[in-house]
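Chains, contacts and geometry: an overview
One letter stands for each residue in the lines below.
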Amino acid sequence: MTINWIALGQVAGVTLIATVIVVALVATAAKLMDAGHVRQQAGQAPGVTLIGAYALLAVVGLIVLFGLWLVIPYFH
């Protein structure tokens, strides 16, 4: 039995990149949500910051659902 090291490296690389993207999206959503709440407490309209935060969280949710779809063979 041999190990295909190139394929293993590709899987590790894609996993690392996907993890960084998901964490960056969640961190950006958290930052936007905080900025929206700060503006709201200051008496200003939160503007598009809260909408953007919820949109980013929705994108992350879709990414997670897509990952589950890939992993669970029942859906294929």
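Whatever comes next refers back to the structure up there.
None of the values given here were measured: they were computed from a predicted structure. (Residues numbered from 1 in each chain as written. Predicted model: local features only at pLDDT ≥ 70, side-chain atom pairs only at ≥ 80, totals over all residues. Heavy atoms only, no water.)

1. Some words on a nonpolar patch on the surface
The grouping of L62, V64, L65, F66, L68, W69, L70, V71, I72, Y74 and F75 at the surface amounts to a nonpolar patch, some 1200 Å² of accessible area in total. Relative to the elements of secondary structure, W69 occurs in helix α2 (residues 48-71). Judged by its relative accessible area of 38%, W69 falls in the partly exposed class. (Patch = residues over 30% accessible without salt bridge, like charges linked within 9 Å, V, L, I, M, F, W, Y side chains within 5 Å. Areas by Shrake-Rupley, 256 points an atom, 1.4 Å probe, with all protein chains shown as cover. Salt bridge = Lys/Arg side-chain N within 4 Å of Asp/Glu carboxyl O. Helix = DSSP H or I, 4+ residues; strand = E, 2+ residues; numbered from the N terminus. Buried < 20%, exposed > 50% of the residue type's maximum accessible area, 1.4 Å probe, protein only.)

2. What about the packing of helix α1 (residues 5-41) against α2?
Taken N-terminus to C-terminus, the directions of α1 and α2 make an angle of 155 degrees; their axes are 8 Å apart at the nearest point. Accordingly, the angle class assigned to the pair α1 and α2 is roughly antiparallel. In the crossing of α1 with α2, the sense of the turn from one axis to the other is left-handed. Within the contact between the two elements, α1 uses V22, L25, V26, T28, A29, L32, M33, A35, G36, H37 and Q40 and α2 uses T49, L50, G52, A53, Y54, L56, L57, V59, V60 and I63. Classifying every residue of the contact of α1 with α2 by side-chain character gives 15 nonpolar, six polar and no charged. (Axes fitted to C-alpha atoms, helices over the stretch in contact; angles between N-to-C directions. Parallel < 35°, antiparallel > 145°, perpendicular 65-115°, else oblique. Left-handed = near helix turned anticlockwise from the far one by under 90°. Contact = heavy atoms within 4.5 Å. Nonpolar A, V, L, I, M, F, W, Y, C, P; charged D, E, K, R; others polar.)

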